[in-house]
Structure formats: structure tokens, C-alpha cells
Amino acid sequence: MKRTLLLSLGLIIGLGTAGPAAAACFADYKAKKDKPLRLHYGVIELPAAACDSRKTAAAEITKRIRGDGWKLLNVMSTFGNDGLAERKESAGAFYLRY
């Protein structure tokens, strides 16, 4: 009886803490390449910790896009799942690419 109660309590606590950690975090951004000048608007999924501020989001985005020669110009915003669908068409090939 005591063991069942402890297991149930552990399961409830575990499920309660899993929700916020699994929350989706996305950002939309603008980037460029030089010679020739190319611009793109993109949407990227970020770890939750990177959505605390635009500065932390910018650092994460810069790390990911730099490998393909892109330079981050601006982090437009950070958002959850609710803003994802409305940005898909605008981001085109750069929708969740990085």
C-alpha cells in the first residue's frame, strides 16, 4: 500500500514537471550573405533556455546558421506553437531548416 502510494506520487510529480520542460520554443529571424547580397527570413526551433531573451536566442541562431555562411541580422520574436503556422509560408525554405 505504501509502495503504491509512493509510486503514484512519483508519477504525478514526474508528469507535472515534464510539461513545462517540453514546451515548444521558436524564433523568427532575418539573416544575410554577402557577395552577392542575399537575404532570408527564417523560423527556427530553439531549446527553451534560449527563449529567455532575444540575446540568448540570437546566440543560438548565430551558431546554427553560421555554418552555411549566413549572418544574423535580427531576431524578430520568440513564440510557442501558436505562432508557428502563420509564419510557415513567409519562411519558405527556411522554415525550421536550422
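Residue numbering note: each chain is counted from 1, following its sequence as written. Local features are withheld for residues below a pLDDT of 70 in this predicted model, meaning they are given only at 70 or higher, and side-chain atom pairs are given and counted only at 80 or more; totals for whole chains, interfaces and linings count all residues. Just so you know, side-chain values use all the structure's heavy atoms and leave hydrogens and water out.

We now examine unusual backbone geometry. Here Lys 35 and Pro 36 are connected by a cis peptide whose omega angle stands at -5 degrees. Under the scheme used here, helices are H or I runs from DSSP no shorter than 4 residues and strands are E runs no shorter than 2 residues, and both carry numbers assigned from the N terminus. In this fold, Pro 36 is placed in the loop between strand 1 (26-33) and strand 2 (38-45). One non-glycine residue, Lys 35, lies in the positive phi region at around 55 degrees. With respect to the secondary-structure elements, Lys 35 resides in the loop between strand 1 and strand 2. The phi dihedral of Leu 96 falls on the positive side, at around 60 degrees, and the residue is not glycine. Among the structural elements, Leu 96 can be located in the segment after helix 3 (85-91). Relative accessible area serves as the criterion here: at 35%, Leu 96 is assigned to the partly exposed category. Using a 1.4 Å probe on the protein chains alone, a residue whose accessible area is under 20% of its type maximum counts as buried, one over 50% counts as exposed, and one in between counts as partly exposed.

By size, the foremost hydrophobic cluster in this structure holds 16 residues, and its most contacted members are Tyr 29, Ile 44, Leu 46, Ile 61, Ile 65 and Tyr 98. For this core, the elements supplying multiple residues, two or more each, are strand 1, helix 2 (54-66) and strand 3 (71-79). In what follows, residue pairs with any heavy atoms lying within 4.5 Å of each other are defined as contacts. Once you skip the residues sitting within four places of it in the chain, Leu 46 turns out to touch Cys 25, Phe 26, Ala 27, Cys 51, Ala 57, Glu 60, Ile 61 and Arg 64. What we call a nonpolar core is a set of buried Ala, Val, Leu, Ile, Met, Phe, Trp, Tyr and Cys residues that are connected through their side-chain atoms within 4.5 Å. Within the second largest apolar cluster, six residues are counted, among which are Phe 26, Leu 84, Ala 91 and Tyr 95.

A regular strand places its side chains on the two faces of the sheet in alternate fashion. Pairing of strand 1 with strand 2, which is carried by eight bridges, proceeds in the antiparallel orientation. Paired with Ala 27 across the two strands is Ile 44, which belongs to strand 2. Hairpin connection, strand 1 to strand 2: the antiparallel pair is bridged by four residues, and Lys 35 has positive phi, about 55 degrees. Two strands form a pair only when DSSP identifies at least two bridges running between them.

For the rest of this paragraph, the subject is the state of the cysteines. Note on disulfides: each one is a pair of cysteine sulfur atoms within 2.5 Å. Under the definition given, this model contains one disulfide. Put simply, Cys 25 and Cys 51 are joined by a disulfide, and their sulfur atoms are 1.3 Å apart. On the sign convention where negative is left-handed, the bridge of Cys 25 and Cys 51, at about 50 degrees about the S-S bond, is right-handed. Of this pair, Cys 25 sits in the loop between helix 1 (2-21) and strand 1 while Cys 51 is found in the loop between strand 2 and helix 2, placing the two residues 26 residues apart along the sequence.

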